[in-house]
Amino acid sequence: METDLHELLRSLRVWDPAVTELPPLDPAGAPGDPLELFTRWFAEAVAAGEREPHTVSLATADAEGLPDVRVVMLHGADEDGWAFATHADSRKGRHLAARPHAALAFYWPVLGRQVRLRGPVAVAPAEEALADLHARSTGALAAALTGRQSAELGSTAELARASEAAWERAGREPDAPVPSWTLYRLRPDEVEFFQGEARRRHVRLSYRRAAGGGWDRRLLWP
């Protein structure tokens, strides 16, 4: 029988109490710096069993302003920004070269939480990108060595050959350089924390970077 997509969609639940807890968010008790709250929420997502809390949707725009989005891995977050990495010659790398601004969206359904960020993106020094890559798994290095991300692929056999060679080199040369591998940092102008609520009285707490330093906080209608 052919799947009825609309019927299937109507059958699904959001935040099923059997698997989801919706903790309260008291804006009055939130810290003054969004990085502190993000770190707390990230740790709570891990503790609650969120399987891949470090995956994040990255939105960029091309030279004509057309949007694109994909899921990447968070490589770190500190006062310099939220870090992710890719090849400079990939599609997202080209987008960021033309328009060095982006948005990130984390979604942790086990707690009914989202975190959204947007702001300018800067390129980290090459030695930091290389150190970050070499601190990761052999598979991550092999994938980086395979390269040619977003380029047209002739066949899956071509990919298999390139990947096998990259895995062999990664095992033999764990400090192999990957010149195109780039570490980016998004330094947000705005960070929004969304906490779901069972009666749809969701709490949206927005931090906006103040002109004189620090952050302004405000609540948004859900």
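Fair warning: this is a prediction, and the values are worked out from it, not measured in the lab. (Residues numbered from 1 in each chain as written. Predicted model: local features only at pLDDT ≥ 70, side-chain atom pairs only at ≥ 80, totals over all residues. Heavy atoms only, no water.)

Student: In this structure, what is going on with the packing of aromatic side chains? I would like to understand it.
Tutor: Here the distance between the centres and the angle between the planes together describe a pair of aromatic rings. If you walk through the whole model with that rule in mind, you get ten aromatic pairs. Measuring from centroid to centroid gives 5.9 Å for Phe38 and Trp108, while their planes differ by 45 degrees, and the two rings are tilted. Of this pair, Phe38 sits in helix H2 (residues 34-47) while Trp108 sits in strand E5 (residues 101-108), and the two are 70 residues apart along the sequence. Of the residues examined, Phe38 reaches a relative accessible area of 3% and is grouped as buried. By relative accessible area, Trp108 is classed as buried at 0%. These aromatic residues form a ring-pair network of at least three members: Phe38, Phe42, Trp82, Phe106 and Trp108. Above the plane of the ring of Trp41 lies Arg113, whose end atom (NZ or CZ) is 4.1 Å from the centre. (Phe/Tyr/Trp six-rings, centres within 6.5 Å; stacked < 30°, edge-to-face > 60°. Helix = DSSP H or I, 4+ residues; strand = E, 2+ residues; numbered from the N terminus. Buried < 20%, exposed > 50% of the residue type's maximum accessible area, 1.4 Å probe, protein only. Lys NZ or Arg CZ within 6 Å of the ring centre and 35° of its normal.)

Student: Is there a simple way to explain the pattern of salt bridges in this structure?
Tutor: Oppositely charged side chains are able to pair whenever their charged atoms sit close together. Counted under the stated rule, the structure contains 14 salt bridges. Its salt-bridge partner being Arg169, residue Glu173 comes within 3.1 Å of it at the nearest N-O pair. Glu192 is the salt-bridge partner of Arg204, the closest N and O atoms lying 2.7 Å from each other. You can see Arg204 sitting in strand E9 (residues 203-209) and its partner Glu192 sitting in strand E8 (residues 190-195), a full twelve residues away along the chain. (Salt bridge = Lys/Arg side-chain N within 4 Å of Asp/Glu carboxyl O.)

Student: When you look at the environment of Trp167 in this model, what are you seeing that I'm missing?
Tutor: Looking at the element boundaries, Trp167 is found in helix H6 (residues 156-172). Linking Trp167 and Pro188, residues 21 residues apart in sequence, is a C-alpha distance of 36 Å. Ignoring anything within four residues of it in the chain, the contact list for Trp167 reads Thr138, Gly139 and Ala142. (Contact = heavy atoms within 4.5 Å.)

Bear in mind that shape data such as this cannot, by itself, settle questions of function.
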